[in-house]
Amino acid sequence: TSYLSAVGGPDYARRGYWPANLHLVGKEIIRFHAVYWPAFLMAAGLPLPKQIWAHGWLLMDSAKMSKSTGNVVRPRPIVSVMGMDALRYYLLRETTFGQDGNFSYDALVTRYNADLANGLGNLASRTLTMIEKYCDSQIPKPGDASVGAGVAAEAERVIAAANEGYNQYQFSVTLEAIWSLITRVDQLITTEKPWTLAGGQQARLEAVLHAAAEALRIATILAHPVIPAATEGIWKLLGQAVPLREQKIDALKWGQLKPGMRIAKPAGVFPRIDKADAIERMEKMEQESSKPAAPATPAATPAAAGAAPTAAAPAAPVKIGIEDFTKVEMLVGQIQTAERVAGADKLLKLTVDIGTEVRQIVAGIATAYEPEKLIGLKVVVVVNLAPRKLRGVESNGMILAASIGPENRPILAGFAEDVPAGTRLK
């Protein structure tokens, strides 16, 4: 049910977005739901689903996400930094339904800025701002129909394509069609230059802005199943009285926007996001969320009645047995190469000789060490950690370092004597 939930669930089926008499499953369990489950239903005399759809997997760097391989991407960091709508849009726009889709933070932020910030968000902002400035915050009259004829024709085509696309679960194709309408309106605004028409061609100015607002209304309704929060915001900015949830795309037509309705004060919907900063924040939150929870400390003994309060004693360190310590395999490693990770201020990509092989390790030491000064240095490497990716670069191990000062400056653990690479620590 993950894809059905991602685009609105049964509520959208009731409203005419797609058929309700279906069964939606993951591709790895299609045999059970296409053979065994219908047999159970037939034996019980219950109705069968008329459609069974199977969706694919989300991959990380072309590999199936798995906790055992350490390449799982948690949604909460993404939602905290970019919002739920951005994640939903990316997954449905980037992946063809029924097929596997590849996930990357870089592609996520790129798609957000290109389609949501520079596309729908920019169209809403510039259209509503010009209506506020040139039309006293009221939806203008359509005027000369020839002015927006090209946009109107594109809108009718997109409405038909979206109806068909949603019914066939072609989400990526549907979103591509909706955004073609946004592109067509941007072309109209660029060609007509409403800011120059304000100097004496008010009728043509209003015709252009009405066409832009009508296209924005249609795009908002069509995109609502995928980005519900943002489209609700745009709908309120457009000053529409009928709730967005009551709109049906099978009844949507060009020319239904009523002139004279007062818009709200324009506000940004999808602000641009700095890619490097957003990726760093999401990866940091991902690392924090993957850490095991700290064990609960015993509750403090209540003070005796009348006793003066005392400062809390520092928590005692957690004790582990020797069997736990021996699970950590540490070897001496010698750094062979070092270079900065693109777009990351704190990360260095290292190749480290651990005696039996050369490992690639990503270390957060770039603020304390220049790459060229690390070549040949002997370090302590934890070699039996599960691989994980940082900024899309795989790290196979961890280099030990102390952390000093208020800025937690890393200082690499080393040796007073020359120790061969591959020597075990114990």
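Preceding this paragraph is the structure being described.
Calculation notes
Residues numbered from 1 in each chain as written. Predicted model: local features only at pLDDT ≥ 70, side-chain atom pairs only at ≥ 80, totals over all residues. Heavy atoms only, no water. Buried < 20%, exposed > 50% of the residue type's maximum accessible area, 1.4 Å probe, protein only. Helix = DSSP H or I, 4+ residues; strand = E, 2+ residues; numbered from the N terminus. Pairing = 2+ DSSP bridges. Axes fitted to C-alpha atoms, helices over the stretch in contact; angles between N-to-C directions. Parallel < 35°, antiparallel > 145°, perpendicular 65-115°, else oblique. Contact = heavy atoms within 4.5 Å. Nonpolar A, V, L, I, M, F, W, Y, C, P; charged D, E, K, R; others polar. Patch = residues over 30% accessible without salt bridge, like charges linked within 9 Å, V, L, I, M, F, W, Y side chains within 5 Å. Areas by Shrake-Rupley, 256 points an atom, 1.4 Å probe, with all protein chains shown as cover. Salt bridge = Lys/Arg side-chain N within 4 Å of Asp/Glu carboxyl O.

Engineer: Looking at this structure, how should I read the pairing of strand β14 (residues 409-412)?
Structural biologist: Taken residue by residue, a regular strand's side chains alternate between the two faces of the sheet. Taking every second residue as pointing to the same face, the buried face of β14 carries P410 and L412, while none of R409 and I411 on the other face is buried. Taken together, the four bridges between strand β13 (residues 401-404) and β14 define a ladder with antiparallel strand orientation. Counted as the bridge partner of S403 is P410 from β14.

Engineer: Looking at this model, I keep getting lost on the packing of helix α5 (residues 84-94) against helix α8 (residues 171-192). Mind explaining?
Structural biologist: Where α5 meets α8, the closest approach of the two axes is 7 Å, and the angle between their N-to-C directions is 105 degrees. Judged by the inter-axis angle, α5 sits roughly perpendicular to α8. Taken together, the residues of α8 that come into contact with α5 (itself represented by Y89, L92 and R93) are F171, S172, L175, E176 and W179. Of the residues contributing to the contact of α5 with α8, the split by class is five nonpolar, one polar and two charged.

Engineer: I tried to follow a nonpolar patch on the surface on my own but got confused; where do I start?
Structural biologist: On the surface, a cluster of nonpolar side chains totalling about 570 Å² of accessible area is made up of I29, F32, V35, Y36, W37 and F40. Following the sequence through the fold, F40 ends up in helix α3 (residues 30-43).

Engineer: What am I meant to see in the pattern of salt bridges here?
Structural biologist: In a structure, side chains of opposite charge can pair up when their charged atoms sit close to one another. With the rule as written, the count across this model stands at 16 salt bridges. Where K265 meets E132, a salt bridge forms, and the shortest distance between an N and an O atom there is 2.8 Å. In this pair, K265 is assigned in the loop between α11 (228-237) and α12 (275-290) and E132 in helix α6 (residues 105-134), connecting sequence segments 133 residues apart. Using a relative accessible area of 62% as the deciding quantity, one classes K265 as exposed. Judged by its relative accessible area of 26%, E132 is partly exposed. Three or more residues joined by partner-sharing salt bridges are found here, namely E94, R111 and D115.

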